[in-house]
Amino acid sequence: MQTEEEILKIKKVKNTAVRMVVLRHLLSLEKAQSLKDIENALPYTDRSSIFRTLKTFEENKVIHSIEDGSGMTKYAVCAEGCNCDPKDLHYHFYCTNCDKTFCLFDVPIPNIQLPKNFKLQQANMVVKGLCDNCNR
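Calculation criteria
Residues numbered from 1 in each chain as written. Predicted model: local features only at pLDDT ≥ 70, side-chain atom pairs only at ≥ 80, totals over all residues. Heavy atoms only, no water. Pairing = 2+ DSSP bridges. Helix = DSSP H or I, 4+ residues; strand = E, 2+ residues; numbered from the N terminus. Axes fitted to C-alpha atoms, helices over the stretch in contact; angles between N-to-C directions. UniProt positions renumbered as here; feature names shortened; annotations may be inferred. Buried < 20%, exposed > 50% of the residue type's maximum accessible area, 1.4 Å probe, protein only. Expected span 1.5 Å × (residues − 1). Contact = heavy atoms within 4.5 Å. Polar contact = N/O pair within 3.5 Å; in protein donor to acceptor, adjacent residues only side chain to side chain. Domains from an automatic or database assignment. Buried area = accessible area lost by both parts, 1.4 Å probe. Salt bridge = Lys/Arg side-chain N within 4 Å of Asp/Glu carboxyl O. Nonpolar A, V, L, I, M, F, W, Y, C, P; charged D, E, K, R; others polar.

As recorded by an unreviewed UniProt entry, the protein carries the name Fur family transcriptional regulator, ferric uptake regulator and is attributed to Maribacter aquivivus.

Undergrad: It is not clear to me how the sheet that holds strand 4 (residues 90–95) should be interpreted in this structure. Could you clarify?
TA: Backbone hydrogen bonds hold the strands of a sheet together, and the pairing may be parallel or antiparallel. Reading across from one edge, 5-4-6 is the order of the three strands in this open sheet, with mixed pairing throughout. The two strands at the open ends of the sheet, each matched to only one other strand, are strand 5 (101–108) and strand 6 (126–129). Direction aside, neighbouring strands of the sheet carry axes that sit 30 degrees apart on average. In the sheet, strand 4 pairs with strand 6 via four bridges, with the strands oriented parallel. Directly across from Cys95, in strand 6, lies its bridge partner Gly129.

Undergrad: Can you help me understand the UniProt feature "binding site: Zn(2+)" (unreviewed entry) in the protein in this one?
TA: Per the UniProt entry, the sites bearing "binding site: Zn(2+)" (unreviewed entry) are Cys95, Cys98, Cys131 and Cys134 in this numbering. Spanning 40 residues, the annotated positions come together in the fold, the maximum distance between their C-alpha atoms being 8.2 Å. Locating Cys95 in the fold gives a position in strand 4. You can call Cys95 buried: its relative accessible area is 0%.

Undergrad: Before we go on, may I ask you to explain helix 4 (residues 47–59) in this structure?
TA: Because the α-helix completes a turn every 3.6 residues, residues three or four places apart line up on one side. Look at helix 4: 19 Å from first C-alpha to last across 13 residues, which is about the 18 Å you get at 1.5 Å a residue. Buried positions along helix 4 lie against helix 1 (4–10), helix 2 (17–27), helix 3 (35–41), strand 2 (63–67) and strand 3 (73–77). Two residues or fewer after helix 4 comes Lys61, characterised by a positive phi angle close to 60 degrees.

Undergrad: What should I look at first to understand the side chain of His64 in this one?
TA: The topology assignment puts His64 in strand 2. Of the polar contacts made by the side chain of His64, one reaches the side chain of His92; its length is 3.2 Å.

Undergrad: Any chance you could explain the domain arrangement of the protein here in plain terms?
TA: The parts lose accessible area when they come together, and the size of an interface is often stated as this lost area. The domain architecture assigned to the protein consists of domain 1 (4–77) and domain 2 (86–129). Of note, the centres of domain 1 and domain 2, computed from C-alpha atoms alone, are 20 Å apart. Taken together, the 12 residues of domain 1 in the interface contact 12 residues of domain 2. Across the domain 1/domain 2 interface, buried area totals approximately 910 Å², and carbon plus sulfur atoms make up 57% of it. For the domain 1 face of the interface with domain 2, the top three residues by lost area are Lys31, Ile66 and Asp68, together amounting to 43%. Summed over the shared surface of domain 1 and domain 2, the number is zero salt bridges. Put simply, domain 1 and domain 2 have six residue pairs in polar contact (both at pLDDT 80 or more) between them. Its residues assigned to classes, the side of domain 1 that touches domain 2 shows four nonpolar, three polar and five charged.

Right, dumping it as structure tokens:
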């Protein structure tokens, strides 16, 4: 697994204290986080700095955003080698009990044949049910 410094260097994102804290937090979890979740986990970090960091990370493909139907955008670190190209898109699993969202990196979104001159930029595939913990 890559370190925070390596990820930022590969993605050509300037290394700052706030970026390191936010990225370290996201890497420590196996589930996607909403802005509110991140703010609550990092109470000593300025809220607007967290928001700007997430936007910078998303623009530079360090993280991807997920619309899981919960009403809150969630964020997760991209897999190593991901450029957020259509080939990198994958399903997400939303637990309807605990409201956690997980990336299913091993389940790619199937190739969709679009009409001529159409270009896929984003796909949002969410599977809903009970996570391993809630299903016990």
